[in-house]
Amino acid sequence: QVHVVESGGGLVQPGGSLRLSCAASGSGFSINRMGWYRSVQGKARELVASIDFGGPIKYGDAAKGRFTISRENAKNAVTLQMNSLKPDDTAVYYCYVAWSDPLRGYYGMDYWGKGTLVPVSS
(Lines give C-alpha, C1' and ligand atoms only; values in the text may rest on other atoms or scores of the structure.)
Protein backbone atom coordinates (compact mmCIF):
# COMPACT_ATOMS: atom_id res chain seq x y z
CA GLN A 1 0.00 0.00 0.00
CA VAL A 2 2.67 2.50 1.04
CA HIS A 3 5.98 3.24 -0.59
CA VAL A 4 8.62 5.72 0.44
CA VAL A 5 11.27 7.70 -1.36
CA GLU A 6 14.15 8.99 0.74
CA SER A 7 16.41 11.71 -0.57
CA GLY A 8 19.08 14.16 0.52
CA GLY A 9 21.65 11.88 2.08
CA GLY A 10 25.35 12.22 1.45
CA LEU A 11 28.70 13.32 2.82
CA VAL A 12 28.74 16.46 4.93
CA GLN A 13 31.50 18.14 6.91
CA PRO A 14 31.33 18.61 10.67
CA GLY A 15 29.43 21.78 11.43
CA GLY A 16 27.61 21.56 8.16
CA SER A 17 23.96 21.08 7.35
CA LEU A 18 21.94 18.58 5.42
CA ARG A 19 18.28 18.18 4.61
CA LEU A 20 16.61 14.82 4.29
CA SER A 21 13.23 14.34 2.69
CA CYS A 22 10.83 11.45 2.84
CA ALA A 23 7.82 11.18 0.60
CA ALA A 24 5.18 8.49 0.93
CA SER A 25 3.04 7.39 -1.96
CA GLY A 26 0.24 4.99 -2.59
CA SER A 27 -3.53 5.06 -2.52
CA GLY A 28 -6.30 4.76 0.02
CA PHE A 29 -4.13 4.95 3.12
CA SER A 30 -4.03 7.38 6.01
CA ILE A 31 -0.74 8.35 7.60
CA ASN A 32 -0.66 8.59 11.37
CA ARG A 33 2.99 9.42 11.86
CA MET A 34 6.17 9.95 9.88
CA GLY A 35 9.69 10.38 11.07
CA TRP A 36 13.35 9.61 10.84
CA TYR A 37 15.34 7.05 12.78
CA ARG A 38 19.00 6.25 12.49
CA SER A 39 21.36 3.36 13.00
CA VAL A 40 24.83 4.26 14.25
CA GLN A 41 27.62 1.77 13.57
CA GLY A 42 25.19 -1.01 12.84
CA LYS A 43 23.36 -0.67 16.13
CA ALA A 44 19.62 -0.65 16.62
CA ARG A 45 17.68 2.20 15.15
CA GLU A 46 17.06 5.16 17.41
CA LEU A 47 14.60 8.00 17.11
CA VAL A 48 15.83 11.17 15.46
CA ALA A 49 12.54 12.97 15.00
CA SER A 50 8.92 12.16 14.31
CA ILE A 51 5.73 14.05 13.71
CA ASP A 52 2.22 12.82 14.25
CA PHE A 53 -0.10 13.94 11.50
CA GLY A 54 -2.34 15.14 14.27
CA GLY A 55 0.37 17.58 15.36
CA PRO A 56 2.73 16.30 18.08
CA ILE A 57 6.44 16.33 17.35
CA LYS A 58 9.07 14.26 19.12
CA TYR A 59 12.86 14.55 19.01
CA GLY A 60 15.56 12.23 20.17
CA ASP A 61 18.01 13.68 22.67
CA ALA A 62 20.82 13.96 20.14
CA ALA A 63 18.64 15.80 17.66
CA LYS A 64 16.99 18.29 19.96
CA GLY A 65 18.17 21.83 19.37
CA ARG A 66 19.93 21.01 16.12
CA PHE A 67 17.43 19.18 13.94
CA THR A 68 13.99 20.22 12.84
CA ILE A 69 11.30 18.04 11.33
CA SER A 70 8.46 19.52 9.36
CA ARG A 71 5.53 18.28 7.35
CA GLU A 72 4.80 19.22 3.79
CA ASN A 73 1.09 19.79 4.14
CA ALA A 74 0.22 19.30 0.50
CA LYS A 75 2.02 15.98 0.39
CA ASN A 76 2.49 12.88 2.48
CA ALA A 77 6.02 13.95 3.13
CA VAL A 78 8.34 15.22 5.83
CA THR A 79 11.61 17.07 5.81
CA LEU A 80 14.39 16.75 8.35
CA GLN A 81 16.68 19.76 8.52
CA MET A 82 19.94 18.83 10.22
CA ASN A 83 22.28 21.58 11.35
CA SER A 84 25.57 21.67 13.24
CA LEU A 85 26.29 18.11 12.30
CA LYS A 86 28.87 16.16 14.27
CA PRO A 87 30.86 13.04 13.43
CA ASP A 88 28.69 11.25 15.99
CA ASP A 89 25.73 11.90 13.70
CA THR A 90 27.22 9.59 11.11
CA ALA A 91 24.63 6.92 10.52
CA VAL A 92 22.20 5.34 8.15
CA TYR A 93 19.01 7.33 8.39
CA TYR A 94 15.68 5.59 7.85
CA CYS A 95 12.32 7.10 7.07
CA TYR A 96 9.44 5.67 9.07
CA VAL A 97 5.74 5.74 8.27
CA ALA A 98 2.88 4.61 10.48
CA TRP A 99 -0.21 4.13 8.37
CA SER A 100 -3.58 2.45 8.12
CA ASP A 101 -6.17 1.63 5.49
CA PRO A 102 -9.17 0.19 7.32
CA LEU A 103 -11.32 -0.19 4.22
CA ARG A 104 -8.73 -2.56 2.83
CA GLY A 105 -8.07 -4.31 6.12
CA TYR A 106 -4.82 -2.64 7.11
CA TYR A 107 -4.51 -1.45 10.70
CA GLY A 108 -1.55 0.00 12.57
CA MET A 109 0.97 -0.72 9.84
CA ASP A 110 4.65 0.20 9.88
CA TYR A 111 6.79 0.98 6.89
CA TRP A 112 10.54 1.47 6.91
CA GLY A 113 12.51 3.05 4.13
CA LYS A 114 15.65 1.31 3.00
CA GLY A 115 17.85 4.01 4.50
CA THR A 116 20.21 6.70 3.31
CA LEU A 117 23.80 7.05 4.45
CA VAL A 118 24.94 10.29 6.06
CA PRO A 119 28.69 10.36 6.74
CA VAL A 120 29.80 13.39 8.74
CA SER A 121 33.51 13.74 8.13
CA SER A 122 36.13 16.21 7.00
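Below is a summary of the structure that appears in this document. Keep in mind the model is a prediction, meaning the values are calculated, not measured. (Residues numbered from 1 in each chain as written. Predicted model: local features only at pLDDT ≥ 70, side-chain atom pairs only at ≥ 80, totals over all residues. Heavy atoms only, no water.)

With that out of the way, let us pick up the overall build of the chain. Helix and strand counts for the chain come out as zero helices and 10 strands. In the chain, the order of α-helices and β-strands from amino to carboxyl end is β-β-β-β-β-β-β-β-β-β. The C-alpha extent of the chain, read off along each of the three principal axes, is 50 × 25 × 20 Å. Of the contacts formed within the chain by residues at least 6 apart in sequence, a portion of 56% connects residues at least 24 apart. (Helix = DSSP H or I, 4+ residues; strand = E, 2+ residues; numbered from the N terminus. Contact = heavy atoms within 4.5 Å.)

The tally for this structure, following the rule as stated, stands at one disulfide. A sulfur-sulfur separation of 1.8 Å characterises the disulfide bridge that pairs C22 with C95. Residues C22 and C95 share a disulfide whose torsion about the S-S bond is about -80°; that sign makes it left-handed. On the criterion of sequence distance, the pair formed by C22 in strand β2 (residues 18-26) and C95 in strand β8 (residues 91-101) is long-range, its members being 73 residues apart. The pair C22 / C95 is uniform in exposure class, with both members buried. (Disulfide = S-S within 2.5 Å. Buried < 20%, exposed > 50% of the residue type's maximum accessible area, 1.4 Å probe, protein only.)

Glancing now at the environment of V40. Here V40 shows up in the loop between β3 (30-39) and β4 (46-52). The sequence separation of V40 and Q81 amounts to 41 residues, and the corresponding C-alpha distance is 18 Å. Residue contacts for V40: discarding those within four places in its chain leaves D88, T90 and A91.

Within the open sheet, the four strands sit side by side as β1-β2-β7-β6. Their pairing is antiparallel. Either end of the sheet is taken by a strand with one partner, and the two such strands are β1 (2-7) and β6 (67-72). Taking each pair of neighbouring strands and ignoring which way they run, the sheet shows an average axis angle of 15°. Both β6 and strand β7 (residues 77-82) contribute to a ladder of six bridges, which runs antiparallel. Bridged to E72 within β7 is A77. (Pairing = 2+ DSSP bridges. Axes fitted to C-alpha atoms, helices over the stretch in contact; angles between N-to-C directions.)

In this section: the nonpolar core. Core analysis: the largest hydrophobic core is formed by 30 residues, its most contacted members being M34, W36, L80, M82, Y93 and V97. Mapped by element, the contributors of at least two residues to this core are β1, β2, β3, β4, β6, β7 and β8. When residues of this core are assigned to their parent elements, the largest contribution, five residues, is made by β8. (Core = buried A, V, L, I, M, F, W, Y, C linked by side-chain atoms within 4.5 Å.)

On to the packing of aromatic side chains, then. This structure, assessed with the given rule, holds five aromatic pairs. Plain terms: the ring middles of Y96 and W112 are 4.8 Å apart, the flat faces sit at 50° to each other, and that makes the pair tilted. Placement of Y96 in strand β8 and of W112 in strand β9 (residues 106-112) is noted, with a sequence separation of 16 residues between them. Accessibility expressed as a relative area gives 8% for Y96, which makes it buried. Through pairs of rings, three or more aromatic residues link up here, namely F29, W99 and Y106. (Phe/Tyr/Trp six-rings, centres within 6.5 Å; stacked < 30°, edge-to-face > 60°.)

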